[in-house]
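# Close look at the chain arrangement
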Amino acid sequence: MRLAVTGTPGTGKTTATELLADRWEDAPEVIHLNERIKGDDDLWTERDDDRGGSRVVDLEAVREELGDWEGILESHLAHHFDADAVVVLRCAPAVIEERLRERGESAESAAENAESEALDVVLAEAVERFGRENVYEIDTTDRSPAEVADAIRAVLEGDREPSAGTVDFTGYI
């Protein structure tokens with residue numbers, strides 16, 4: 001199975017997928033896409049100075065690099081690649097903003113990501129590409145990383161129903 005785990009930066013993707021791999025003996029391989037991109041200059045085209053020098057990813061180059069991948073693809077970009085199902089991690093925008101600021105992100109970047117979360121940007125892109133029947137939304141706001149990892153595992157094991165559109169943070173705006 002190919003499971004994309006995506007979401008706005010700060011929702012807990014990396015933490016949850018690392019924990020899933022640590023806690024589950026038969027866990028599928030986790031591909032941390034952002035780390036691959038950072039380690040390979042051929043996967044991005046330029047730096048975006050308006051966004052703190054973040055890399056502008058070449059999605060086609062990444063697609064070629066991934067090839068016929070299997071397992072769990074983790075990144076805020078994961079929903080842009082072929083997968084059998086997509087888990088979209090969600091989190092209250094104010095919490096995202098706080099987490100990103102604690103990581104050293106600029107106030108502008110943190111606010112932009114919080115607004116993106118409130119507007120359901122990643123969720124909408126995932127549903128548009130994969131359909132509601134293949135998207136699983138998980139609110140991480142009040143869940144521990146272990147609980148989030150367990151929820152992802154439930155998707156992998158077929159013990160969770162698709163749930164796109166169940167989280168609403170529009171009140172943030």
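Going by the structure above, here's the rest.
Overview of the structure.

Basis of the calculations
- Every residue gets a number counted from 1 within its own chain, in the order that chain's sequence is written.
- Restriction of local features to residues with pLDDT of at least 70 applies here, the model being predicted, together with a cutoff of 80 or more for giving and counting side-chain atom pairs; totals for whole chains, interfaces and linings are based on all residues.
- The side-chain numbers reported here are obtained from all heavy atoms of the structure, hydrogens and water having been left aside.
- Without a salt bridge and with relative accessible area above 30%, a residue can belong to a patch; like charges are then joined within 9 Å and nonpolar side chains (Val, Leu, Ile, Met, Phe, Trp, Tyr) within 5 Å.
- Where accessible areas are quoted, they stem from the Shrake-Rupley method and a 1.4 Å probe; at the residue level, only the protein chains shown are allowed to cover.
- Think of a salt bridge as a Lys or Arg side-chain nitrogen and an Asp or Glu carboxyl oxygen that are within 4 Å of each other.
- Numbering of helices and strands runs from the N terminus, with a helix taken as a DSSP run of H or I at least four residues long and a strand as a DSSP run of E at least two residues long.
- Burial status follows relative accessibility: with a 1.4 Å probe on protein chains alone, a residue under 20% of its type maximum counts as buried, one over 50% as exposed, and anything between as partly exposed.
- Any two of the Phe, Tyr and Trp rings considered here, Trp counted by its six-membered ring, make a pair once their centres fall within 6.5 Å; the pair's planes then place it as stacked at under 30 degrees, edge-to-face at over 60, or tilted in between.
- Charges are assigned to positions over rings by a cutoff of 6 Å between ring centre and Lys NZ or Arg CZ, combined with an angular limit of 35 degrees from the ring normal.
- Nonpolar cores are built from buried Ala, Val, Leu, Ile, Met, Phe, Trp, Tyr and Cys residues. Side-chain atoms within 4.5 Å join them into one set.
- In this description, contact between two residues means that some pair of their heavy atoms is separated by no more than 4.5 Å.
- Two strands qualify as a pair provided that DSSP identifies no fewer than 2 bridges between them.
- Here, the arc refers to the directions that run from the helix axis to the C-beta atoms.

Here we take up a nonpolar patch on the surface. Residues Leu119, Val121, Tyr172 and Ile173 make up a contiguous nonpolar surface patch of about 370 Å² in total accessible area. In this fold, Leu119 is placed in the loop between helix 5 (107-118) and helix 6 (121-130). What makes Leu119 partly exposed here is its relative accessible area of 48%.

What follows covers the packing of aromatic side chains. The full count for this structure, using the stated rule, is 0 aromatic pairs. In this structure, Arg2 packs its charged tip against the face of Trp69, placed 5.9 Å from the ring centre.

On to the nonpolar core, then. Formed by 22 residues in total, the largest nonpolar core has its most connected members in Leu66, Leu73 and Val135. For this core, the secondary-structure elements that each account for two or more residues are helix 2 (33-38), helix 3 (59-66), strand 6 (85-90) and helix 6. Looking at which element gives the most residues to this core, the answer is helix 6, with 4 residues. Here Val135 is in contact with Val86, Val88, Leu123, Ala126, Val127, Phe130, Pro162, Ser163 and Ala164, once residues within four sequence places are set aside. Counting 18 residues, the second-largest nonpolar core is a separate cluster that includes Val30, Tyr136, Ile138 and Val155.

We now examine the pairing of strand 1 (residues 2-7). The buried fraction of strand 1 amounts to 6 of the 6 residues, a majority that puts the element mostly inside the structure. Note: strand 1 against strand 5 (residues 71-74), 4 bridges, orientation parallel. Residue pairing for strand 5: Arg2 is matched across the bridge by Gly71. Pairing of strand 1 with strand 6 involves 5 bridges; the strand directions are parallel. Looking across to strand 6, one finds that Gly7 is bridged to Leu89.

A separate point is helix 6. All buried positions along helix 6 are accounted for by Val122, Leu123, Ala126 and Phe130. Along the long axis of helix 6, the arc covered by the buried residues comes to 100°, so they all point the same way. Tucked into the core, helix 6 has its buried residues touching strand 1, strand 6 and strand 7 (135-139). Gly131 sits one or two residues past helix 6 and shows a positive phi near 80°.

Looking at the secondary structure, you find Gly104 in the loop between helix 4 (93-102) and helix 5. On the accessibility criterion, Gly104 (62% relative accessible area) is exposed. Through-space distance from the C-alpha of Gly104 to that of Leu89 is 21 Å; in sequence the pair is 15 residues apart.

This next bit is on helix 1 (residues 13-23). Residues of helix 1 that are buried: Lys13, Ala16, Thr17 and Leu20. Looking straight down helix 1, one finds its buried side chains confined to an arc of 95°; they lie on one side. Tucked inside the fold, the buried residues of helix 1 contact strand 1, strand 2 (30-32), strand 5, strand 6 and helix 7 (145-156).

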